[in-house]
Amino acid sequence: MLSLDLLKIPNHIAVIMDGNGRWAKSQGKDRLFGHAAGVEAVRDTLKAAKEFGVKYLTLYAFSTENWSRPQAEIDGLMDLLIDAITSELDSLENNGVRLLTIGDINGLPENCRKGMENAIEKTKENKGITLILALNYSARIEITKAVQSILLNEKNISIESITPELISKHLFTKNIPDPELLIRTSGENRVSNFMLWQIAYTELHFARIYWPEFRREHFIAAIEDYQNRERRFGKISEQIHPII
Ligand code: IPE
Ligand code: IPE
Ligand code: MG
């Protein structure tokens, strides 16, 4: 029996997909084998998210810091990205998935950028679920660019007009609600420069499992964990559940 309360499904779930390299090592394989295996976990997670009515699923796929990895791994990851988006495009189109990206996709190799732009264009009318890939993403750069964008684009800017709402409107995630739940796999308990602004009140779930092994049951467990939290937003418990 499904243990989830279908009326309390998060609207937006974000995932730091971590542990591909360590999983591959545990199998006696090279790191790229782990990244390739991670694609299956993406498929499974997207399917489950759609099934449960999650509206936005954000996946952290490549950080700006990841450019510091060995060149062969970076090249392999970029090839995998373009292969995955090309081979999955039909399925995204037919399953009502709208694709978006956050991060600086102009910094990706030309074929990756074009593949992403093509997939975004082809899926833009889809209404089922929005899949957001964080690519060449850094939260600090996102916030920095937001400040630059305000100075560049907002007319007659005054000190008082700079508000959290205005900053939100200049982030990569403008028009996307903040995630209620952030999952990180692999047992690392850190956020690694991911959505620092947007996760101010997000519930965090750290799964010990490596990303290539992450499946529907782990996704359900994360949502179940979320559903057992009391989200107080600064209030006290009695205000959330008044005794009448
Ligand atoms: C996550 O897995 C994928 C990316 C960062 C691209 P890792 O490649 O970080 O795997 P570990 O953390 O080294 O095991
Ligand atoms: C975070 O994982 C980035 C992605 C999942 C894309 P990393 O493996 O790069 O994070 P750190 O370096 O261990 O913090
Ligand atoms: Mg890692």
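Residues numbered from 1 in each chain as written. Chains lettered and ligands numbered in written order. Predicted model: local features only at pLDDT ≥ 70, side-chain atom pairs only at ≥ 80, totals over all residues. Heavy atoms only, no water.

**Thoughts on the nonpolar core**
Counted only if it meets this: Here the nonpolar core consists of buried residues drawn from Ala, Val, Leu, Ile, Met, Phe, Trp, Tyr and Cys, with membership extended through side-chain atoms lying within 4.5 Å. The cut-offs for exposure are 20% and 50% of the maximum accessible area for each residue type, with area from a 1.4 Å probe on protein chains only; residues under the lower value are buried, those over the upper are exposed, and the others partly exposed. Starting at the N terminus, helices and strands are each numbered in turn, a helix being any DSSP run of H or I of at least four residues and a strand any DSSP run of E of at least two. Note on contacts: a residue pair qualifies if any of its non-hydrogen atoms lie within 4.5 Å across the two residues.
Membership of the largest hydrophobic core comes to 44 residues, with the highest contact counts inside it found for I13, L57, L131 and F219. Per element, the largest residue contribution to this core is eight residues, and it comes from helix α3 (residues 71–94). Setting aside residues no more than four positions away along its own chain, L131 makes contact with L46, L57, L59, L92, V97, R98, L99 and L100. The next biggest cluster of nonpolar side chains, apart from the first, holds 14 residues, and it includes I16, A134, I176 and F194.

**A look at the packing of helix α2 (residues 31–52) against helix α7 (residues 216–227)**
Rules: Helix axes are fitted only over the stretch in contact, all axes being lines through C-alpha atoms; the angle between N-to-C directions runs from 0 to 180 degrees. Note on terminology: angles under 35 degrees are roughly parallel, angles over 145 are roughly antiparallel, angles of 65 to 115 are roughly perpendicular, and the others are oblique. Two helices that cross are described as forming a left-handed crossing if the nearer one is turned anticlockwise from the farther one by less than a right angle, and a right-handed crossing if clockwise. Polarity classes work like this: nonpolar for Ala, Val, Leu, Ile, Met, Phe, Trp, Tyr, Cys and Pro, charged for Asp, Glu, Lys and Arg, and polar for all others, with Gly in that last group.
Viewed as axis vectors pointing N to C, α2 and α7 meet at an angle of 50°, and their least axial separation amounts to 9 Å. Regarding the angle of α2 to α7, the classification is oblique. The crossing of α2 and α7 is right-handed. Here D44, T45, A48, A49, E51 and F52 of α2 lie close against α7, whose contacting residues are R216, F219, I220 and I223. Within the contact of α2 with α7, the residues separate by chemical class into six nonpolar, one polar and three charged.

**Overview of the packing of aromatic side chains**
Just so we agree on the cut-off: Stacked, edge-to-face and tilted labels apply to pairs of Phe, Tyr and Trp rings (six-membered ring for Trp) whose centres lie within 6.5 Å, assigned for plane angles under 30 degrees, over 60, and everything in between, in that order. Any Lys NZ or Arg CZ that is within 6 Å of a ring centre and within 35 degrees of that ring's normal is treated as a charge sitting over the ring.
Taken as a whole and judged by the stated rule, the model has eight aromatic pairs. In this structure an aromatic cluster arises from ring pairing among Y60, Y137, F172 and F194. K29 extends its terminal NZ or CZ atom over the ring of F33, reaching a point 4.4 Å from the ring centre.

**Thoughts on the side chain of D18**
This is how it is decided: As used in this structure description, the phrase polar contact means that two N or O atoms lie within 3.5 Å; if the pair is within protein, one of them must be able to donate a hydrogen and the other to accept it, and residues adjacent in sequence are counted only when both atoms belong to side chains.
You can see D18 is positioned in the loop between β1 (12–16) and α1 (20–26). Relative accessible area serves as the criterion here: at 16%, D18 is assigned to the buried category. At 2.8 Å, the side chain of D18 and the side chain of R184 are in polar contact. Once residues within four sequence positions are removed from consideration, D18 is found in contact with R184, T185, S186, E188, Y210 and W211.

**Comments concerning the site of ligand 2**
As a reminder, the rule being used: For each residue, the test is whether any non-hydrogen atom lies within 4 Å of the molecule or strand; if one does, the residue is near. The method behind every accessible area is Shrake-Rupley, applied with a 1.4 Å probe, and residues are considered shielded solely by the protein chains displayed.
Within the structure, ligand 2 sits among I16, M17, D18, Y60, A61, F62, N66, R69, R184, R190 and S192. S192 is positioned such that a nitrogen or oxygen atom in its side chain is 2.6 Å from an oxygen atom of ligand 2. Relative to its unbound accessible area of 390 Å², ligand 2 is 78% covered by the protein chains. In terms of residue count, the dominant contributor to the shell around ligand 2 is strand β2 (residues 56–63) (three residues).

**Considering the site of ligand 1**
Around ligand 1, 13 residues are found, and the nearest of them are D18, G21, R22, R31 and R69. A distance of 2.7 Å separates an oxygen atom of ligand 1 from a polar atom in the backbone of R22. Residue R31 places a side-chain N or O atom 2.9 Å away from an oxygen atom belonging to ligand 1. Considering ligand 1 on its own, with 380 Å² of exposed area, one finds that the protein chains cover 87% of that surface. Of all the elements in the fold, those that place two or more residues in the shell around ligand 1 are α1, α2 and α3.

**Thoughts on the pairing of strand β6 (residues 203–206)**
When a strand is regular, its side chains alternate between the sheet's two faces. Note the threshold: For two strands to count as paired, DSSP must find a minimum of two bridges between them.
The alternating pattern of β6 places E203 and H205 on a buried face, while none of L204 and F206, on the opposite face, is buried. The pairing of strand β5 (residues 181–184) with β6 spans four bridges and is parallel. When the sheet's bridge partners are listed, L182 is paired in β6 with L204.

**So, helix α4 (residues 110–122)**
Short version of the rule: Multiplying 1.5 Å by the helix residue count minus one yields the expected span of that helix. Regarding the arc, it is the one traced by the directions from the helix axis to the C-beta atoms.
Across its 13 residues, α4 extends 18 Å between first and last C-alpha, which sits within 8% of the 18 Å expected from 1.5 Å per residue. Listed in full, the buried residues belonging to α4 are C112, R113, G115, M116 and A119. Seen along its axis, α4 keeps its buried residues to an arc of 165°; they face one direction. Elements that come into contact with the buried residues of α4 comprise α3, β3 (97–102) and β4 (129–137).

**Concerning unusual backbone geometry**
In this model, N175 sits at a positive phi of 75°, which is unusual for a non-glycine residue. By relative accessible area, which is 75% here, N175 ends up exposed.

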